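# Examination of the molecular architecture
Here's the letter readout for the chains.
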Amino acid sequence: MNRPELTLQLTIDCADPQRLVPFWIDALRYVPDPPPGGHASWREYWRAIGVPEEELGDDAGELPESIVDPTGAGPRVWFQRVPEPKTVKNRVHLDLKVGGGREVPLAVRRERVDGEVARLRALGATVLYAMDEPSGMDYYAVVLQDPEGNEFCIV
């Protein structure tokens, strides 16, 4: 049996994609996902393939709502507008791995993580807490929230 090609897209529910897209472009070092086939916007593309106007909404596809890894290694991320606000902790979250893993001395990992945390705070992230085990465990991470409150970790 032929299986269709599988690709991975990460979807983040949000109130305002235009608030989150610039943050996550900088956080992940991604770029806006260009509309296919030389179309000027995603809305133009969706119209060209026959998506009814009533399904598009007022501003759908006019500004970037998805981002991609320019190297092609990471998944596409789509910021899906939803009407309800975020109310509870995420059940799935992103780990941005900048520390280098346990092969790197803990002091160096801390420095890398803290540097990335400072960069992301300047972009609008909020620090929730550090995962810093004083019991001698060789682990350090910081939990943050994006501008809409979605949790993610810097490890």
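Each remark here, short or long, concerns the structure printed above.
First, a word on scope: everything that follows refers to the structure included in this document.

## A short note on the side chain of Ser41
With respect to the helices, strands and loops of the structure, Ser41 is situated in the loop between strand E2 (31-32) and helix H2 (42-48). Ignoring sequence-local partners within four residues, the contact set of Ser41 consists of Pro35, Gly61 and Glu62.

## Points about the nonpolar core
Counting residues in each nonpolar core, the largest one holds 22 residues, and the members touching the most others are Trp24, Ile67, Phe79, Leu120, Leu144, Phe152 and Ile154. Elements supplying a minimum of two residues to this core: strand E1 (9-14), helix H1 (17-28), strand E4 (76-81), helix H4 (106-123), strand E7 (140-145) and strand E8 (151-154). Dropping the residues within four chain positions of it, Trp24 is found in contact with Arg29, Ile67, Phe79, Leu94, Leu96, Asp146 and Phe152.

## Topic: the pairing of E7
Counting buried residues along E7, 5 of its 6 residues qualify, which places the element largely inside the surrounding structure. Relative to E7, strand E6 (residues 126-132) runs antiparallel, the two being bridged by 6 bridges. Across the sheet, the residue bridging to Ala130 is Val142, located in E7. The pairing of E7 with E8 spans 4 bridges and is antiparallel. Residue pairing across strands places Gln145 opposite Glu151, the latter belonging to E8.

## Considering the environment of Leu6
The topology assignment puts Leu6 in the segment before E1. The class of Leu6 is exposed, set by a relative accessible area of 78%. It is 30 Å that separates the C-alpha atoms of Leu6 and Gly99, two residues lying 93 residues apart in sequence.

## Things to note about H1
The end-to-end C-alpha separation of H1 is 16 Å, in line with the 16 Å expected for 12 residues at 1.5 Å each. Those residues of H1 lying buried are Pro17, Leu20, Val21, Phe23, Trp24, Ile25 and Ala27. Positioned one or two residues after H1, Arg29 has a phi angle of 60 degrees, which is positive.

## A look at the state of the cysteines
Counting across every chain of the model gives 0 disulfides. Lacking any disulfide linkage, Cys14 is separated from the closest cysteine sulfur, that of Cys153, by 20 Å. Accessibility expressed as a relative area gives 9% for Cys153, which makes it buried.

## Let's talk about the packing of aromatic side chains
Describing an aromatic ring pair means giving the distance of the ring centres and the angle of the ring planes. Going through the model one piece at a time under the given rule, you end up with 5 aromatic pairs. Geometrically, the ring pair formed by Phe23 and Trp24 is edge-to-face, given 5.2 Å between the ring centres and 90 degrees between the ring planes. Consider the rings of Phe23 and Phe152, whose centres lie 6.1 Å apart with planes at 65 degrees: the pair is edge-to-face. Of the two residues, Phe23 sits in helix H1 while Phe152 sits in strand E8, which places them 129 residues apart along the sequence. An identical accessibility class is assigned to Phe23 and Phe152; each is buried. Three or more aromatic residues joined by ring pairs form one cluster here, namely Phe23, Trp24 and Phe152.

Basis of the calculations
- Residues numbered from 1 in each chain as written.
- Predicted model: local features only at pLDDT ≥ 70, side-chain atom pairs only at ≥ 80, totals over all residues.
- Heavy atoms only, no water.
- Helix = DSSP H or I, 4+ residues; strand = E, 2+ residues; numbered from the N terminus.
- Contact = heavy atoms within 4.5 Å.
- Core = buried A, V, L, I, M, F, W, Y, C linked by side-chain atoms within 4.5 Å.
- Buried < 20%, exposed > 50% of the residue type's maximum accessible area, 1.4 Å probe, protein only.
- Pairing = 2+ DSSP bridges.
- Expected span 1.5 Å × (residues − 1).
- Disulfide = S-S within 2.5 Å.
- Phe/Tyr/Trp six-rings, centres within 6.5 Å; stacked < 30°, edge-to-face > 60°.

Nothing here speaks to function; it is geometry throughout.
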